[in-house]
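Topology and contacts: notes
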Amino acid sequence: MGLVHAVTNAVAVGAYASSWFARRAGHDERGARLALMGAGISGVGAYLGGHLTTARRVGTRDDAYFGAPGVG
């Protein structure tokens, strides 16, 4: 699941970068579609990241974080 989360984030960054290049080349409609696609893919990656932290309890176990505000 972590690998899928990382890949979706990388694809989202690629879509946003492609959007930027398309808009610089004067292809505004294509750039907007690519940005919208990047936003959708980013949402999927965010959902997976949230699932990893809450349902699967994947996170840091470093002692430096224990005792911080909001951390048990």
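What comes next is a walk through the structure.

About the cut-offs
Residues numbered from 1 in each chain as written. Predicted model: local features only at pLDDT ≥ 70, side-chain atom pairs only at ≥ 80, totals over all residues. Heavy atoms only, no water. Helix = DSSP H or I, 4+ residues; strand = E, 2+ residues; numbered from the N terminus. Contact = heavy atoms within 4.5 Å. Areas by Shrake-Rupley, 256 points an atom, 1.4 Å probe, with all protein chains shown as cover. Expected span 1.5 Å × (residues − 1). Buried < 20%, exposed > 50% of the residue type's maximum accessible area, 1.4 Å probe, protein only. Patch = residues over 30% accessible without salt bridge, like charges linked within 9 Å, V, L, I, M, F, W, Y side chains within 5 Å. Salt bridge = Lys/Arg side-chain N within 4 Å of Asp/Glu carboxyl O. Phe/Tyr/Trp six-rings, centres within 6.5 Å; stacked < 30°, edge-to-face > 60°. Axes fitted to C-alpha atoms, helices over the stretch in contact; angles between N-to-C directions. Parallel < 35°, antiparallel > 145°, perpendicular 65-115°, else oblique. Left-handed = near helix turned anticlockwise from the far one by under 90°. Nonpolar A, V, L, I, M, F, W, Y, C, P; charged D, E, K, R; others polar.

Concerning the overall build of the protein
A tally of regular secondary structure across the protein gives two helices and zero strands. Sequence-distant contacts, at least 24 apart, represent 50% of the contacts inside the protein between residues at least 6 apart. Split by element, the accessible area of the protein, about 5,300 Å² in all, is 63% carbon and sulfur.

Focus on helix 1 (residues 2-24)
The first and last C-alpha atoms of helix 1 sit 33 Å apart over 23 residues, in line with the 33 Å expected at 1.5 Å per residue. Residues of helix 1 that are buried: Thr8, Ala12, Ala15, Ser19 and Ala22. The elements touched by buried residues of helix 1 are helix 2 (28-54).

Here we look at the side chain of Thr8
Examined against the element boundaries, Thr8 turns out to sit in helix 1. Among residues more than four places away in sequence, those in contact with Thr8 are Ile41, Val44, Gly45 and Leu48.

Here we look at a nonpolar patch on the surface
Nonpolar side chains collect at one region of the surface, where Leu3, Val7 and Val11 lie side by side and expose about 280 Å² of accessible area between them. Mapped onto the secondary structure, Val11 falls in helix 1. Here Val11 falls in the partly exposed class, since its relative accessible area comes to 40%.

Focus on the packing of aromatic side chains
What the rule picks out here adds up to one aromatic pair. On the basis of an interplanar angle of 70° and a centroid distance of 5.0 Å, the ring pair of Trp20 and Phe21 is categorised as edge-to-face. Trp20 sits in the partly exposed class, given a relative accessible area of 48%.

Remarks on the packing of helix 1 against helix 2
Contact geometry for helix 1 and helix 2: axes closest at 8 Å, N-to-C directions at 160°. As the angle between them shows, helix 1 and helix 2 are arranged roughly antiparallel. Of the two elements, helix 1 crosses helix 2, and the hand of that crossing is left-handed. For the contact of helix 1 with helix 2, the per-class residue count stands at 15 nonpolar, eleven polar and three charged.

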